[in-house]
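One-letter residues, chain by chain:
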Amino acid sequence: MASEEHTGSYYAATRNDVTTYPELEGDHDTDVCIIGGGFTGVACALTMAERGHRVIIIEQHRISWGASGRNGGQLIAGLGGSKHLAKQLGWEKINELNYRGNDIIKERVKKYDIDCDLKSGYMEVAFKKSQMEYLKEDYQDHVDQGLGAHLTMLDRDAVREALGTDAYVGGMINNLNGHLHPLNLCAGEARAAVGLGTRIFEQSEVTGIEHGAVAKVKTTKGSVSAKQVLIAGNAYHKLEPGKLSGLVFPAGSFIIATEPLSENLVEKINPKDVAVCDLNNVLDYYRLSADKRMLYGGRCNYSGKVPKSIKDNMLPRMLEIYPELEGSKIEYEWGGNIGIVIKRTPLIGRVADNVFYSMGYSGHGVAPTHIAAEVIADAMGGNTEVLEAYEKIKHWRIPGSQWMGNQIIALGMLYFRALDLSPL
Ligand SMILES: Cc1cc2nc3c(=O)[nH]c(=O)nc-3n(C[C@H](O)[C@H](O)[C@H](O)COP(=O)(O)OP(=O)(O)OC[C@H]3O[C@@H](n4cnc5c(N)ncnc54)[C@H](O)[C@@H]3O)c2cc1C
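So, the domain arrangement of the chain
Here is step 1: On domain assignment, one finds that the chain holds domain 1 (10-71 + 183-247 + 342-393) and domain 2 (119-179 + 249-340 + 400-424).
Here is step 2: Between the C-alpha centres of domain 1 and domain 2 the distance comes to 28 Å.
Here is step 3: Listed per partner, the contact involves 15 residues of domain 1 and 14 residues of domain 2.
Here is step 4: Tallied by class, residues from the side of domain 1 that touches domain 2 come to seven nonpolar, seven polar and one charged.

So, in C-alpha cells, the structure goes:
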C-alpha cells in the first residue's frame, strides 16, 4: 500500500507539529523496534526511551496517521476485558490499572509540555433504565474505591441542564476522564521520545519480520535489527498472519465537525465542556473542540468500507440530539478503523520470545493503548505478570477471509443494535 499523508480531519488541519521524519533506508540496529506510530507504538517507545533503551519507530504513513490521530479524543479509563483479566490478576490489580492510562497521559502532558487541549470532564448518558442501572453500579464501584468525589449522577433534568437535550433519561459525569486533541498528543509524545534519542522513520511499510535472538524488521528499502520488537499496527496491519489473522477486524467509525459555534449555542448545549458518550452498543460520542466546534462521531460500520458521504450518515444522528445545529456548516468529515476483537479484550501477547504485539482495543483506545504500552514495556524489561494474564485469555479466531470475519461481526452487531432499540 502506498504511503499517505494525514486524512482530512479537523485534527490534521489544526495540528501544532508538522514535523516529518525520513523514510527508512539501509540497515540499522537498535534495542527496541516498534512497528506502527500510533498511541500503542509511540507510548511504548517513549516509556522504553525513558528507561534508557535505544528505540526505533517505523511508521507506514505518518506518526498518528491511523486511529490515534482521528479519534473522538475521549479520554476514558479502562483497559478492556477487565472481567477476563480479573480472573487471573484479581480486582485490586485491575482497579490499580484502570486509571493508569489517564495518569500516564496527564503526567506526560505536564512533563513534556504537550499542547493537546487536555480537559477533564466526561459524561456517559443513558437512553433507558437498564443503562441507568449500569451507571449506578459503576458509580457505586467508584465510591467503594474511594473515588466517588470525582463522579456525579445526573437525572433527566440535570442532563437536560448540562447538555441542552431531552434525549437521555440520565447520566453520570466522571471528572477523572476527559477529552483532548489526539493527534497533538501523539505527535507530542513522539517528539518527547525523539528528545530521548528515539529515531522515527515514516512512509516506511514493514513488510516482514525475520525472527531470531536479534529480530530483523524489513521494509522495502531497509531493515532494523532489534533485540525486541513490538507490532503496533492495530487494525491497519497484516503482519504475522499465521498467528494474528482472524482475530482483529477493522470497523469504521466516523466523525463530523461543525464550524465553530456561537457562545449562546455552546452555553446551551455543553456549558461544562464535557465529552459525551451514550451507552448503546452501537454508540454515538461527541464533544466540543477547543475552538468550539461540535465533533460528533459514531455509527460504526462493520463492512470495513467508508460510506459515500460521512456527513449524510452522521448529520441526522447529530440533529436528532441537537436540532438547533441544523444549518451549522459541516467543515470536516472523516473516519478511521478501529480494531474489533470479538471478546472486546485487547489482544496483547508475543509471537516469539522477543516479538510482542498489542492491538484490538475495540473502539476504546486512547487510555487503554497507554496501559498496554506500559504492559509491553514492563514485559520487555522482564516483568511479564500482566502480559501473561492477557496471553491466557482465549480469543475467538474467525477462519477464512477478513471479508467473512467482517460479515460475521456485522451480523453480531445487528443483534446488539436490536438490543439498543429495545425500550428497557
Ligand atoms: C473514528 C474513531 C473514533 C475513536 N474514538 C475514540 C475515543 O473517543 N476514545 C477512545 O478511547 N478511543 C477511540 N477510538 C479508538 C482509538 O483511537 C484506538 O483504539 C487507538 O488509537 C489505537 O491506537 P494504535 O496505536 O493501536 O493504532 P493506530 O492509531 O491505528 O496506529 C497503527 C499504526 O500502525 C501503522 N502500521 C500498520 N501497519 C504497518 C506496517 N506494516 N508498517 C509500518 N506501520 C504500520 C499504521 O499506519 C498506523 O499509523 C476511536 C477510533 C476511531 C477510528
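Moving on from the coordinates now.
A look at the site of the ligand
Here is step 1: For the ligand, the set of nearby residues contains 46 residues, the closest of which are Gly36, Gly38, Gly66, Gly72 and Gly365.
Here is step 2: At the level of elements, helix H2 (39-50), strand S11 (249-258), strand S15 (330-340) and helix H12 (366-380) are the ones that each hand at least two residues to the shell around the ligand.
Here is step 3: A per-element tally of the shell around the ligand places S15 first, with four residues.
Here is step 4: Among the residues forming the shell around the ligand, the class breakdown is 18 nonpolar, 25 polar and three charged.

Regarding helix H5 (residues 100-111)
Here is step 1: The end-to-end C-alpha separation of H5 is 16 Å, in line with the 16 Å expected for 12 residues at 1.5 Å each.
Here is step 2: Residues Gly101, Asn102, Ile104, Ile105 and Arg108 constitute the buried set of H5. An end-on view of H5 places all buried positions within 165° of arc, on one side of the element. Turned more than 90 degrees from where H5 packs its buried face, Glu107, Lys110 and Lys111 sit exposed.
Here is step 3: Contact partners of the buried residues in H5: strand S3 (74-75), strand S6 (170-179), helix H8 (182-195) and H12.
Here is step 4: Aspartate 113, located one to two residues past H5, shows a positive phi value of around 55°.

So, the environment of phenylalanine 356
Here is step 1: The residue phenylalanine 356 is located in strand S17 (residues 355-359) in this model.
Here is step 2: Spatially, the C-alpha atoms of phenylalanine 356 and glutamine 228 are 7.8 Å apart, while their sequence positions differ by 128 residues.
Here is step 3: Ignoring anything within four residues of it in the chain, the contact list for phenylalanine 356 reads Val229, Leu230, Arg350, Ile376 and Ala379.

Remarks on helix H7 (residues 156-163)
Here is step 1: The complete set of buried residues in H7 reads Val159, Ala162 and Leu163. Across the axial projection of H7, the buried residues extend over an arc of 75°, all falling on one side. Set apart from the buried face of H7 by more than 90 degrees, the exposed residues are Asp157 and Glu161.
Here is step 2: If you follow the buried residues of H7, they end up packed against strand S4 (119-126), strand S5 (151-155), S6, helix H10 (263-269) and strand S12 (275-278).

How each quantity is defined
- Along each chain, the written sequence defines residue order, and numbers are assigned to residues from 1.
- Local features in this predicted model are restricted to residues whose pLDDT is 70 or higher, and side-chain atom pairs enter the listing and the counts only when it is 80 or higher, whereas totals over whole chains, interfaces and linings include all residues.
- Bear in mind that the domain bounds are from an automatic or database domain assignment.
- Contact criterion: two residues are in contact if their C-beta atoms, reconstructed from the backbone, are within 7 Å.
- Gly is put with the polar residues, along with every residue not named as nonpolar or charged; the nonpolar set is Ala, Val, Leu, Ile, Met, Phe, Trp, Tyr, Cys and Pro, and the charged set is Asp, Glu, Lys and Arg.
- Using a C-beta atom placed from the backbone, a residue is described as near a molecule or strand when that atom lies within 6 Å of it.
- For helices the rule is a DSSP run of H or I covering at least 4 residues; for strands it is a run of E covering at least 2, with both sets numbered from the N terminus onward.
- Any helix carries an expected span of 1.5 Å times its number of residues minus one.
- Burial in this document is a count-based property: other C-beta atoms within 10 Å of a residue's C-beta are tallied, and the residue is buried at 20 or more, exposed at 12 or fewer, or partly exposed in between, with C-beta positions derived from the backbone.
- It is the directions from the helix axis to the C-beta atoms that the arc portrays.

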